[in-house]
Each structure stands twice: as structure tokens, then as C-alpha cells.
Amino acid sequence: MKTWLLIALVFLAGLSGMAVAANMSSNGILAYLSYHLILPPITYNTIAAYINLGNLTPGMNGTVESTAHLFVNSSGYFKVVLHHEGLDDVFSNFTVTITIGNQTVTLNQDKDEHIVYLMPGNYTVSITVYYTVRSNPKGPLGAVNKPPLVVIKPVGEHEGDHGDNYTAPNGQGSDKNQGSED
């Protein structure tokens, strides 16, 4: 009986070896790789500016300046976005010029986002609002600390194709309308 058991074990081992050899020869796979890369998040903090346009009348235009602060702990791309929802019925022109370090971004109702590259540091952010009230404005009669007017947030790797909506660290972007106030 021991002989039959030994023959059966040898037979099974031979079949297992043939299955492994057949699998290797048919697929040709020699190795697999797995890993999980952990990158530190881009961290940043802001101290917001509060912009008060005061009392407005139809057809009125003006300029208001304010300052915000931005603290960036690691370099990366950031998207600056103007939220103009609800402002389009009140203003025929609402343009915001933002200067962060040596980079200037101009946003308006037609071009409401822009990507900048920032190095670690503490930034004083200059914000200038140019506005013209419509001759026949509609919408709410007022707004108090309407959140948010302008936001900044890190851009993910998948958004790395910046096209014409990017300002390089030296302030020289490929944005064709950069600096215009139309």
C-alpha cells in the first residue's frame, strides 16, 4: 500500500510541475509588481479679504482694492476661480485682478479661472475689483459677505495640461488675455 501511495504522490507532483510549466510557457509572465505611493498633500491656508462695494446705483462704475494672505507649505499648481453666479444680472462688467507674488491673474465673467504655480511661502495677495453696474440691474438688492467670490485650491496631477490658462512661476504665462481688463 505504501508503494501505491508513493506512486500517487509522485504522479500528483509531476502533474503540478507540468501545470506550472504550462502556465509559464503560455503566458510568459515572470514577475508582478505592486506598490502604493504616498505623497504629502499640498497644504495651504488663507486669510480672506472682505470687499465692500458700498451703495451702488445703475450705471455706476468703480474700483475697489483689498488684500488677502496665502500661506503655501509645498510647491504646486493652484487654480484660482472667480464665482460670479448672481453677479451677472447686477454688473455688466465685473473684473478681478489678483496678484500673488510676481504673478498677476485677471478673471471676469467670461474667463473665470486660471492656474498658477506657487512655491512654498507666505504671500500677500492683492485683489482689485473693477465693476460697472448694469443700467437696469436685476437680482438681489444687496449681498453681505457673499461667499465665495474668489477661491484658490490645489490642482491634481490629472489637470496638468494647463493650455492657455496658466501662469508660470516667473509670471510669464501663455494666457493670451493675461492682464486685460475687458
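This text goes with the structure placed above it.
Here the structure is a predicted model, which is why all the values come from computation and not from measurement.

> I would appreciate a short explanation of the side chain of Ser66 in the present structure.
Tracing the chain through its elements places Ser66 in strand β2 (residues 61–72). The class of Ser66 is buried, set by a relative accessible area of 16%.

> Please clarify how the sheet that holds strand β1 (residues 44–47) should be interpreted in this entry.
Across the sheet, which stays open at both edges, the five strands sit in the order β1-β2-β7-β4-β5 with antiparallel pairing between neighbours. Whereas interior strands pair on both sides, the edge strands pair on one side only; in this sheet they are β1 and β5 (103–107). Neighbour-to-neighbour, the strand axes of the sheet open up by a mean angle of 20°, direction not taken into account.

> What should I look at first to understand the layout of surface pockets in this one?
Over the atoms, a rolling probe the size of a water molecule traces out where space has been left empty. A volume near 1,200 Å³ is recorded for the largest pocket. Ile51, Phe94, Asn145, Lys146 and Leu149 are the residues nearest the centre of the largest pocket, which is lined by 44 residues in total. Those elements giving two or more residues to the lining of the largest pocket turn out to be β1, β2, β4 (91–100), β7 (121–133) and β8 (150–154). With four residues, β4 is the largest single contributor of residues to the lining of the largest pocket.

> Mind showing me how you'd approach the environment of Leu70 here?
The topology assignment puts Leu70 in strand β2. Given the relative accessible area of 2%, Leu70 is considered buried. Along the chain, Leu70 and Ala48 lie 22 residues apart, while their C-alpha atoms are 8.5 Å from each other. Sequence-distant contacts of Leu70, defined by excluding residues within four places in its chain, comprise Tyr44, Asn45, Thr46, Ile100, Leu118, Gly121, Asn122, Tyr123, Val125 and Ile152.

Calculation criteria
Residues numbered from 1 in each chain as written. Predicted model: local features only at pLDDT ≥ 70, side-chain atom pairs only at ≥ 80, totals over all residues. Heavy atoms only, no water. Helix = DSSP H or I, 4+ residues; strand = E, 2+ residues; numbered from the N terminus. Buried < 20%, exposed > 50% of the residue type's maximum accessible area, 1.4 Å probe, protein only. Pairing = 2+ DSSP bridges. Axes fitted to C-alpha atoms, helices over the stretch in contact; angles between N-to-C directions. 1 Å grid on protein atoms, 1.4 Å probe; cavity = no way out; pocket = protein on both sides within 12 Å on 5 of 7 lines; lining within 4 Å. Points joined across faces, edges and corners; volume = space filled by probe spheres on them. Contact = heavy atoms within 4.5 Å.

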